[in-house]
Amino acid sequence: MGGQIWVNNIDKVGSQFFFTLSPRVSAEPPINKKAFKQARTQFVGNVLVAEDNDINQVVAQQILLSYGLQVDLVDDGQQCIDALENGHYDLVFMDLHMPNVDGFEACSIIRQINPNIPIVALTAAVLKDEVQKALDAGMGSHLAKPIVHVQLKYVLNRYLAENKN
């Protein structure tokens, strides 16, 4: 992550450990935090989350439910493709690394069937080449795990209609 780590050790006294990090940021444009002070917190839409990790599924589901969204979960890319063929969704969040059909391949297949549905990479893969590979596969945005609410609101505002209630 572009950082350093070092230790200062004094015999019979102890050790101090130090580190610095310079993490890379996602490919999303910079977020204007002032614009989100009054940002809405409720949205309208049916969302599909493709994620193979049970804990990540629950976390994503609970966060999205808290924004007023209807949420369905699938375990891999093939299940995501099948769900999109059998139901209506306004937005797809997709992990990149899943069994059977991964997120890259699933997105490419979905783009042939439904070129207009918004697909957001929801992944811990934040290295520049992986973000670019996701965008090249047809994903419209990249959202890093763990989910940062300001960034999630940006994505939801970008793709979903405003709740009139």
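Please refer to the structure higher up on the page.
Residues numbered from 1 in each chain as written. Predicted model: local features only at pLDDT ≥ 70, side-chain atom pairs only at ≥ 80, totals over all residues. Heavy atoms only, no water.

Draft legend 1. Layout of the sheet that holds strand β5 (residues 70-74). Taken in spatial order, the five strands line up as β5-β4-β6-β7-β8 in an open sheet, and their pairing is parallel. Across the chains shown, the open sheet's two edge strands, defined by having one partner strand only, are β5 and β8 (141-144). The sheet shows a mean angle of 25 degrees between the axes of neighbouring strands, direction not considered. Judged from the three bridges that link them, strand β6 (residues 91-94) and strand β7 (residues 119-123) form a sheet pairing that is parallel. Paired with V92 across the bridge in β7 is I119. (Pairing = 2+ DSSP bridges. Helix = DSSP H or I, 4+ residues; strand = E, 2+ residues; numbered from the N terminus. Axes fitted to C-alpha atoms, helices over the stretch in contact; angles between N-to-C directions.)

Draft legend 2. The nonpolar core, seen in detail. C80 and M94 are the most contacted members of the largest nonpolar core, which has 24 residues in total. For this core, the elements supplying multiple residues, two or more each, are β4 (46-50), α2 (77-86), β6, α3 (103-113), β7 and α4 (128-137). Excluding residues that lie within four positions of it along the chain, M94 makes contacts with A50, C80, G103, A106, C107, I110, I119, V120, A121, L122 and M139. In this structure, F43, Y67, V120 and L143 belong to the second largest nonpolar core, which totals 18 residues. (Core = buried A, V, L, I, M, F, W, Y, C linked by side-chain atoms within 4.5 Å. Buried < 20%, exposed > 50% of the residue type's maximum accessible area, 1.4 Å probe, protein only. Contact = heavy atoms within 4.5 Å.)

Draft legend 3. Seen up close, unusual backbone geometry. The omega torsion of the bond from K145 to P146 falls at -5 degrees, within 30 degrees of zero and hence cis. Mapped onto the fold, P146 is located in the loop between β8 and α5 (149-159). Its identity is not glycine, yet N100 carries a phi of approximately 65 degrees, on the positive side. The residue N100 is located in the loop between β6 and α3 in this model. Judged by its relative accessible area of 66%, N100 is exposed.

Draft legend 4. Representation of the pattern of salt bridges in the model. What the rule picks out here adds up to two salt bridges. Between E51 and K145 there is a salt bridge, with the nearest N and O atoms lying 2.6 Å from each other. Here E51, found in the loop between β4 and α1 (54-66), pairs with K145, found in the loop between β8 and α5; they are 94 residues apart in sequence, far enough to count as distant. Residue class for E51 comes out buried when judged on its relative accessible area of 3%. For K145, a relative accessible area of 22% translates into the label partly exposed. As a salt-bridge pair, K145 and D95 come within 3.7 Å of each other at their nearest N and O atoms. Of this pair, K145 sits in the loop between β8 and α5 while D95 is found in the loop between β6 and α3, placing the two residues 50 residues apart along the sequence. Overlapping salt bridges bring together E51, D95 and K145 as one network. (Salt bridge = Lys/Arg side-chain N within 4 Å of Asp/Glu carboxyl O.)

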